[in-house]
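Residue-level structure breakdown
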Amino acid sequence: MTMPVKKTLKIGLPITNRYGIAEHLLFMFAGQFQWDIIAEKLGSPLSGLRTKTGDEIYATFFSVELEFTEKFPRSGFRLDDTLGFLYDISAYKNLIIDGKMVFGPLADVENLEASHPGSQFYDEPLASDLPRMRMSNILITPRMGNENLKIAPPAGVSFDAFSKLDPKDRILSISGYVEKNKKIGYFDAPPWNAEFGAGSYEYRIFPERDTNGAGLVYFANYIAFIHYAEAALHEKIGAAFSRKFERLEIQKRHIVYMGNVSCDDSLEIGTECFRNASRGDLVGLRHLLRRKYDGKLIAVSESIKAFV
Amino acid sequence: MGKKIEGQIIEYFKNDLDVAADYFSAPDYSDRVLFTNGLVDSFGVLRLIAFLEETFGVTIDTNEQELKDFDTLNKIVALLAARGAKVGE
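Predicted model, so just to flag it, every value in this text is computed and none were measured.

1. Things to note about the packing of aromatic side chains
Tallying each qualifying case throughout the model produces 26 aromatic pairs over all chains. In textbook terms, an aromatic cluster arises when at least three aromatic residues are bridged by ring pairs, as seen for Phe27, Trp35, Phe61, Tyr201, Tyr203, Tyr218, Phe219, Tyr222, Phe225, Tyr228 and Tyr257 of chain A. Stacked on the ring of Tyr122 of chain A, the Lys or Arg Arg132 of chain A has its end atom at 4.4 Å from the ring centre. Sitting over the face of the ring of Tyr23 of chain B, Arg32 of chain B holds its NZ or CZ atom 4.0 Å from the ring centroid.

Below you can see the structure in the form of structure tokens.
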């Protein structure tokens, strides 16, 4: 059993919006922490990872789940709060790295850490009412640009410092499931229905802002693209409704990435908006993101938001 | 037994990796490409490796083994034999 790793962050303006912690910025900080921990465990900066033949390797996210709780909603995190992030990171061979993370006020996270040894802090049923994220990486090497990413093990590094990811874990089949079914499953059953309608939005990749140091369109920026699509749907539904939508707060999201997009391409984002028949304060959103040049589905996101 | 193992792998491709059954009905099915043509994605390779390890009691070292080594049924069966699975009995 490997020990969890804790990171701390004092909330400053770069991670907030006017209502508290901002979702896509939380993705960035949480992702950076995870990359730091992976590098520490591998004993190598991630920029130094290479295949046996010398090709560059990147740990790219293929699945990210976020869930806030009733006790700790997104808007409960404010400027100058000090947060703790507690990670348990496991690996499947030298190809998949899976981070389970709980975050919240530092004192609460430290209490959880003390009372739940090893990775039990993340166990189901919930070991705490703290928010959680699960962020899963696959090691890839780009071939012929961002459209063609190939899985690739790094040479010369050991994965012994990671706990072992169960090969039957659902995360290893999530990509295939989502690609086949074009959904994640939040809205499969009543009381969800698609009453609010659907829309589409085209986003042109802007490399100066959207890419990362690996030249890939950065995973957290997809959340921002989704927000543009969501805003477009609000306008389509109607201005009054749009003002109401402005105060929608993220409760839960799962996004699965199945590819990347070229820097000179656009994304076509289809959005479906679901109503919850028994909870009028909840809204469900499903986004399907396709590359414009070949129509390939490269990401699916589902989220549940609440009017506040 | 070699054919039996091949059959188990084909069943896995059909049932768990969603490869159409008729893909394996061609005369050259044992040498037909499974991965590098995109028929099965990268995650499918990982799930196949987990299946092979559990079903045939072998350990597959992804430091040594390249993913193209799993690209056809014949290559997979040969790899299992090289790893000590009893594929010829």
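2. Overview of the environment of Leu25 of chain A
Residue and element names in this part refer to chain A. Inspection of the secondary structure assignment puts Leu25 in helix H1 (residues 23–42). Spatially, the C-alpha atom of Leu25 lies 9.3 Å from that of Ala224, the residues being 199 residues apart in sequence. Beyond its immediate chain neighbours, meaning those up to four positions away, Leu25 contacts Pro14, Ile15 and Thr16.

3. Points about the pattern of salt bridges
Where charged atoms of side chains with opposite charge meet at close range, the side chains can pair. All names here are of chain A. All chains considered together, the criterion is met by 22 salt bridges over all chains. Notably, a salt bridge pairs Asp169 with Arg134, separated by 2.9 Å at the nearest N-O pair. In this pair, Asp169 sits in the loop between strand S9 (163–164) and helix H3 (174–181) while Arg134 sits in strand S7 (residues 132–142), placing the two residues 35 residues apart along the sequence. Residue classification places Arg134 among the buried residues on the basis of a relative accessible area of 4%.

4. What to know about the interface of chain B and chain A
Taken together, the contact between chain B and chain A spans 16 residues of the former and 19 residues of the latter. Buried area between chain B and chain A, both sides added, is near 1600 Å², and the carbon and sulfur share of it is 54%. When the buried surface of chain B facing chain A is broken down by residue, Phe43, Leu46 and Thr62 of chain B rank first, second and third, together holding 38% of it. Where chain B meets chain A, there are three salt bridges.

5. A short note on the environment of Thr271 of chain A
Residues and elements named next belong to chain A. Along the chain, the position of Thr271 falls in strand S12 (residues 266–276). Considered as a pair, Thr271 and Ala155 are 116 residues apart in the sequence and their alpha carbons are 41 Å apart. If sequence neighbours within four positions are ignored, Thr271 has contacts with Gly197, Ala198, Gly199, Ala229, Leu233, Leu285, Arg286 and His287. A polar atom in the side chain of Thr271 sits 2.9 Å from the side chain of His287.

6. With respect to the pairing of strand S4 (residues 58–67) of chain A
Residues and elements named next belong to chain A. A large share of S4 lies buried, amounting to nine of its ten residues. Two elements, S4 and S7, share nine bridges in a ladder whose sense is antiparallel. Following the sheet pairing, Leu66 is matched in S7 by Met133. Alignment of S4 against strand S11 (residues 248–257), held across five bridges, turns out to be antiparallel. Note on S11: the bridge partner recorded for Val64 is Ile255.

7. Topic: helix H2 (residues 42–56) of chain B
Structural remark: α-helix, 3.6 residues per turn; residues separated by three or four positions point the same way. Residues and elements named next belong to chain B. If you check H2, its first and last C-alpha atoms are 21 Å apart, about what 15 residues at 1.5 Å a residue would give, namely 21 Å. A large share of H2 lies buried, amounting to 13 of its 15 residues. Following H2 by one or two positions, Gly57 adopts a phi angle in the positive range, close to 65°.

About the cut-offs
- Residues numbered from 1 in each chain as written.
- Chains lettered and ligands numbered in written order.
- Predicted model: local features only at pLDDT ≥ 70, side-chain atom pairs only at ≥ 80, totals over all residues.
- Heavy atoms only, no water.
- Phe/Tyr/Trp six-rings, centres within 6.5 Å; stacked < 30°, edge-to-face > 60°.
- Lys NZ or Arg CZ within 6 Å of the ring centre and 35° of its normal.
- Helix = DSSP H or I, 4+ residues; strand = E, 2+ residues; numbered from the N terminus.
- Contact = heavy atoms within 4.5 Å.
- Salt bridge = Lys/Arg side-chain N within 4 Å of Asp/Glu carboxyl O.
- Buried < 20%, exposed > 50% of the residue type's maximum accessible area, 1.4 Å probe, protein only.
- Buried area = accessible area lost by both parts, 1.4 Å probe.
- Polar contact = N/O pair within 3.5 Å; in protein donor to acceptor, adjacent residues only side chain to side chain.
- Pairing = 2+ DSSP bridges.
- Expected span 1.5 Å × (residues − 1).

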